[in-house]
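# Remarks on the overall topology
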Amino acid sequence: MRKRNESVTVEHERAAAAAVPAPLDKGCSLRHSLRLPAADAGMKRPLGRRYGFCFRLRRLIIWLLGVYIAIPFLVKLCPAIQAKLVFLNFVRVPYFIDLKRPQDQGLNHTCNYYLQPEEDVTIGVWHTVPAALWKNARGKDQLWFEDALGSSHPVILYLHGNAGTRGGDHRVELYKVLSSLGYHVVTFDYRGWGDSVGSPSERGMTYDALHVFDWIKARSGDNPVYIWGHSLGTGVATNLVRRLCERETPPEALILESPFTNIREEARSHPFSIYRYFPGFDWFFLDPITTSGIKFANDENVKYISCSLLILHAEDDPVVPFHLGKKLYNIAATSRSFRDYKVQFVPFHTDLGYRHKYIYRSPELPRILR
């Protein structure tokens, strides 16, 4: 009986102990433990978002890195891609202009022609007469403009650079400046540019220029004819003038604006070349240019040119580095072919802001050309 009472007492004490509230620290611990699941859920959300963002960023970086590495191999396997990047003839700026209507660009004394250098090749040509003939030129047809080349005004054949058309803004502004100085300005789009028909190539561009030069000479008589090349057009210009000198019909002078030495050095020095320090850069990028038959070797051509040479280059040129123009001048100045002709290099200071295509803004240009 006594044992039974003791067991009942023990059970009663245990039940009472269970009913007594836990100490304060234990209660806090208990409440803290009860809150943990909610806190964990709150932490998991930003951690999940952060992990998802990092995963997407890492995937994007891997994808970009893969493209970056794949492009050199693609260019090596398809040299035509590199040729397209050199010519950029598919870039037509400004857009939505009618090249048949030069007057829409403020050239009211300009006529649009189409010439055919070769079968299946047609090139669009603009002929701007000197500003002094502006009133007489209004409403005149192509025949009048062709006859005007025989007037007592010198002629400039302008060879533009890559991308765009003969209606590019900076080109149009140069035509206006040269016209105001008393020059006929004849310019054209190479085959594959603008509304000209054909596939671009260095040989084709040079032949187009030769055809237009002969077309001018057949109509200009004894009037002096000057060749002006800009950027990539300097490569066409030296190709043309070398051939003219070899056949003993040189122009009066050659003007090179923002020239380079050769296309390989220009591609290697181009500030937009993100692969310049890529292992095997020459093999991946420069050799395909040569394989495509593109050289534009100004540094070699000037050794065979026998006429006056004027080089214009802005120190802040971001496309063709200034040092390439200076290097070309040094090669020409020491060449035996120029020993009887004047070779001049005119730099334009960085503060002027003429960069790659705004030398036409120089108030000194009339004096320089004279």
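Note that this is a predicted model, so its numbers are computed, not measured.

## A word on the overall build of the chain
For the chain, the helix and strand inventory stands at 13 helices and eight strands. Residues classed as buried in the chain amount to 44% of the 370 residues present. Within the structure as shown, the chain displays about 19,900 Å² of accessible surface, and the carbon and sulfur contribution to it stands at 57%.

## Comments concerning the side chain of Ser335
Mapping Ser335 onto the fold places it in the loop between α12 (322-333) and β8 (343-348). Here Ser337 takes part through its side chain, which lies 3.0 Å from a polar atom of the side chain of Ser335. Look past the residues within four positions of Ser335 in its chain and what remains in contact with it is Val302 and Lys303.

## Quick word on the pattern of salt bridges
A complete count under the given rule lists 14 salt bridges for this structure. Between Asp189 and Arg166 there is a salt bridge, and its shortest N-O distance comes to 2.7 Å. With Asp189 in the loop between β4 (184-188) and α7 (202-220) and Arg166 in the loop between β3 (155-159) and α6 (169-180), the pair connects residues that are 23 residues apart, well separated along the chain. With a relative accessible area of 0%, Asp189 lands in the buried category.

## A closer look at the pairing of strand β6 (residues 253-257)
In regular strands, side chains alternate between the two faces of the sheet. Most of β6 sits inside the fold, with five of its five residues counted as buried. As judged from the five bridges shared by β6 and strand β7 (residues 308-314), these two strands associate in the parallel manner. The partner of Ile255 across the bridge, within β7, is Leu310.

## Topic: the confidence of the model for the chain
Within the chain, residue pLDDT values average 87, and 84% of them lie at 70 or more. A low-confidence stretch, residues 1-5 stays under pLDDT 50, and its non-local contacts, those more than four residues away or across chains, total zero contacts. In this model residues 24-34 is a low-confidence stretch, pLDDT under 50, and it forms zero contacts with partners more than four residues away in sequence or in other chains.

Parameters at a glance
Residues numbered from 1 in each chain as written. Predicted model: local features only at pLDDT ≥ 70, side-chain atom pairs only at ≥ 80, totals over all residues. Heavy atoms only, no water. Helix = DSSP H or I, 4+ residues; strand = E, 2+ residues; numbered from the N terminus. Buried < 20%, exposed > 50% of the residue type's maximum accessible area, 1.4 Å probe, protein only. Areas by Shrake-Rupley, 256 points an atom, 1.4 Å probe, with all protein chains shown as cover. Polar contact = N/O pair within 3.5 Å; in protein donor to acceptor, adjacent residues only side chain to side chain. Contact = heavy atoms within 4.5 Å. Salt bridge = Lys/Arg side-chain N within 4 Å of Asp/Glu carboxyl O. Pairing = 2+ DSSP bridges. pLDDT = per-residue confidence, 0-100.

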